[in-house]
Amino acid sequence: MTIGERIRQVRKIVGLNQTDFGKNVGLRQSSLGQIESGVRNATDRTILLICEKYGVLEEWLRTGEGEMFIESDSTIISQLANEYELDSFEKIMIEGFLKLRPEERKVIKSYIRNLMKGVFSDKTAYLEFRTEYDKENVLPFAARHGDVSGLAEAVELYESTIPDPGSDDNEI
């Protein structure tokens, strides 16, 4: 595999088109295309920028030997952000949660459990929650060109994961 092919592989993994990837490392789309296809060589500056910007190990990019990425918390979170299409706020929330000490995470989890217990113990709050959940998760199934095949599955999933406010089984 050539260096251009490895650059293309990095670009594909981070989920960017040539234009956006090129902008991040100071290249026009046409220049990046030429590098990826082997018509043009990548400069040392371009290689170093790719490594810095995307957490790629320089040895791998130049030779293909070793690991592709530097494994760090930020590169793992960046990969998750790309895979799950997280916006900046969501990415910062995850990073912030992971940076907390275990006892601080425990406090947040306890707080969320208490909020959810309150929702499930209040009939009005539960119905509002259920209506919003259905609108965001169940109704899109029904809107798929009249295909409601996933509707029963979505309701079943909901029923199996969200306790009924009338039951005694509301332990979260």
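Above: the structure in question.
Residues numbered from 1 in each chain as written. Predicted model: local features only at pLDDT ≥ 70, side-chain atom pairs only at ≥ 80, totals over all residues. Heavy atoms only, no water.

Chemist: Help me understand the overall build of the chain in this model?
Modeler: The number of helices and strands found in the chain is 10 helices and zero strands. Taking all 172 residues of the chain together, the buried fraction comes to 24%. When the accessible surface of the chain is totalled, it reaches about 11,900 Å², and 53% of it is carbon and sulfur. (Helix = DSSP H or I, 4+ residues; strand = E, 2+ residues; numbered from the N terminus. Buried < 20%, exposed > 50% of the residue type's maximum accessible area, 1.4 Å probe, protein only. Areas by Shrake-Rupley, 256 points an atom, 1.4 Å probe, with all protein chains shown as cover.)

Chemist: Got a minute to help me understand the pattern of salt bridges in this structure?
Modeler: As a working rule, side chains carrying opposite charge can pair if their charged atoms are close by. If you walk through the whole model with that rule in mind, you get six salt bridges. Two residues, Arg 11 and Glu 36, come together in a salt bridge whose shortest N-O distance is 2.6 Å. One end of the pair, Arg 11, is in helix α1 (residues 3-13); the other, Glu 36, is in helix α3 (residues 29-37), and 25 residues separate them in sequence. Under the relative-accessibility criterion, Arg 11 is labelled buried at 7%. Here Arg 62 makes a salt bridge to Glu 58, at a shortest N to O gap of 2.7 Å. Highlighted residues: Arg 62 and Glu 58, both in helix α5 (residues 58-63), separated by four residues, approximately one helical turn. Exposure remark for Glu 58: the relative accessible area of 33% places this residue in the partly exposed category. Residues participating in the shared-partner salt-bridge network are Arg 8, Arg 11 and Glu 36. (Salt bridge = Lys/Arg side-chain N within 4 Å of Asp/Glu carboxyl O.)

Chemist: Got a minute to help me understand a negative patch on the surface in this structure?
Modeler: On the surface, Asp 122, Glu 128, Glu 132 and Glu 136 cluster together into a negatively charged patch. Relative to the helices and strands, Glu 128 resides in helix α9 (residues 123-142). (Patch = residues over 30% accessible without salt bridge, like charges linked within 9 Å, V, L, I, M, F, W, Y side chains within 5 Å. Lys, Arg positive; Asp, Glu negative; His and termini not counted. Charge placed at Lys NZ, Arg CZ, Asp CG, Glu CD.)

Chemist: What am I meant to see in unusual backbone geometry here?
Modeler: Peptide bonds are mostly trans, and most non-glycine residues show a negative phi. Positive phi is not limited to glycine here, since Glu 85 has a value of about 55 degrees. Inspection of the secondary structure puts Glu 85 in the loop between α6 (73-83) and α7 (88-99). The exposure class of Glu 85 is exposed, given its relative accessible area of 72%.

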